Amino acid sequence: MKNYKAFETDRLYIKPTTEEDAEFIFQLLNSPKWLQYIGNRNVTNISDAKTYIKEKMLPQLYQLGFSNYTVIRREDNVKIGSCGLYNRDGLEGIDIGFAFLAEYEKKGYAYEATNALKHTAFSTFNLKEISAITTKDNINSQNLLVKLGFKLTGTTTLPNDDEVLLLFKISNN
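Along each chain, numbering runs from 1 in the same order as the chain's sequence is written. In keeping with the model being predicted, local features are shown solely for residues with a pLDDT of at least 70 and side-chain atom pairs are shown and tallied solely at 80 or more, while totals for entire chains, interfaces and linings include all residues. Derived side-chain values reflect all non-hydrogen atoms in the structure, with water molecules and hydrogen atoms excluded from consideration.

If you look the protein chain up in an unreviewed UniProt entry, it shows as N-acetyltransferase GCN5 from Cellulophaga geojensis KL-A.

This is the structure:
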């Protein structure tokens, strides 16, 4: 695979998600909060996770140079979450997203990883604006977006989904 951008923070290693992450992606996509706030992706086994990575994550990585990233804790090399920049159907511009396994929440990892990704989006990928969407009941994600400097700009819906989502944006000033 071509050498795509990976980066580090004080506590984390953040690398493009590949098929070698299938077991972790299977676990994350079936975690209670993923299912509640993001939705069921019908990934029922590790083979499905590999297919999901190949069909949903890697094509965007190859096309745009960024996609989904697996977040790994540096102290023990444990995969704890993901964050990414996504070109989503029905959403203008690039969307940032994040999800962490429950046992790694409330430790600052999501902020640390997503803040690093936000800076990389502006400095390396030369994005001028980033969007973020979340459900109205996902208060933790809303609070993290505000902490990252995003502003609530309205609501939106995605194609083939009638749920009204909150839309946040941040510009590279």
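Colleague: Even after reading the chapter, I still don't get the side chain of T120, so can you show me in this structure?
Modeller: Relative to the elements of secondary structure, T120 occurs in helix α4 (residues 109-123). When checking whether two residues touch, look at their non-hydrogen atoms; a contact exists if any pair is within 4.5 Å. Residues in contact with T120, not counting those within four places in the same chain, are K5, F7 and F125. In this text, helices come from DSSP runs of H or I with a minimum length of four residues, and strands from runs of E with a minimum of two, each type numbered from the N-terminal end.

Colleague: Help me understand the sheet that holds strand β4 (residues 78-86), please; the structure alone is not making it clear to me.
Modeller: Each strand in a sheet pairs with another by means of backbone hydrogen bonds, the pair being arranged parallel or else antiparallel. Paired strands are those between which DSSP finds at least two bridges. In spatial order, the strands read β1-β2-β3-β4-β5-β6-β8-β7; together these eight strands make up an open sheet with mixed pairing. Sheet topology places β1 (7-8) and β7 (151-156) at the edges, where each strand pairs with a single neighbour. Bridge count between strand β2 (residues 12-16) and strand β3 (residues 68-73): five bridges; the pairing is antiparallel. Opposite L12, over in β3, you have R73 as the bridge partner.

Colleague: How should the UniProt feature "domain: N-acetyltransferase" (unreviewed entry) in the protein chain be read in this particular structure?
Modeller: UniProt positions are given in the numbering used here, feature names are shortened, and annotations may be inferred rather than shown by experiment. Following the UniProt record, one finds the feature "domain: N-acetyltransferase" (unreviewed entry) at residues 12-171. Secondary structure across residues 12-171 comprises 36% helix and 29% strand; the distance between its end C-alpha atoms is 25 Å.

Colleague: In this structure, what is going on with the packing of aromatic side chains? I would like to understand it.
Modeller: Aromatic rings from Phe, Tyr and Trp, with only the six-membered ring used for Trp, were paired whenever their centres fell within 6.5 Å, and each pair was classed as stacked if the ring planes differed by under 30 degrees, edge-to-face if by over 60, and tilted otherwise. Throughout the structure, instances matching the rule amount to three aromatic pairs. Considering the side-chain rings of Y4 and Y62, the 6.1 Å spacing of their centres and the 40 degrees angle between planes classify their relative orientation as tilted. Residue Y4 is located in the segment before β1, and its partner Y62 is located in helix α3 (residues 46-64); the two are separated by 58 residues in the primary sequence. Using a relative accessible area of 47% as the deciding quantity, one classes Y62 as partly exposed. Seen in terms of ring centroids, F66 and F125 are 4.9 Å apart; in terms of plane orientation they differ by 50 degrees. Their pairing is tilted. Here F125 lies in the loop between α4 and β6 (129-135) and F66 lies in the loop between α3 and β3, a separation of 59 residues in the sequence. For the pair shown, F66 and F125 are each scored as buried. Burial here depends on accessible area, computed with a 1.4 Å probe over protein chains only, as a share of the maximum for the residue type. Under 20% is buried, over 50% is exposed, and the range in between is partly exposed.

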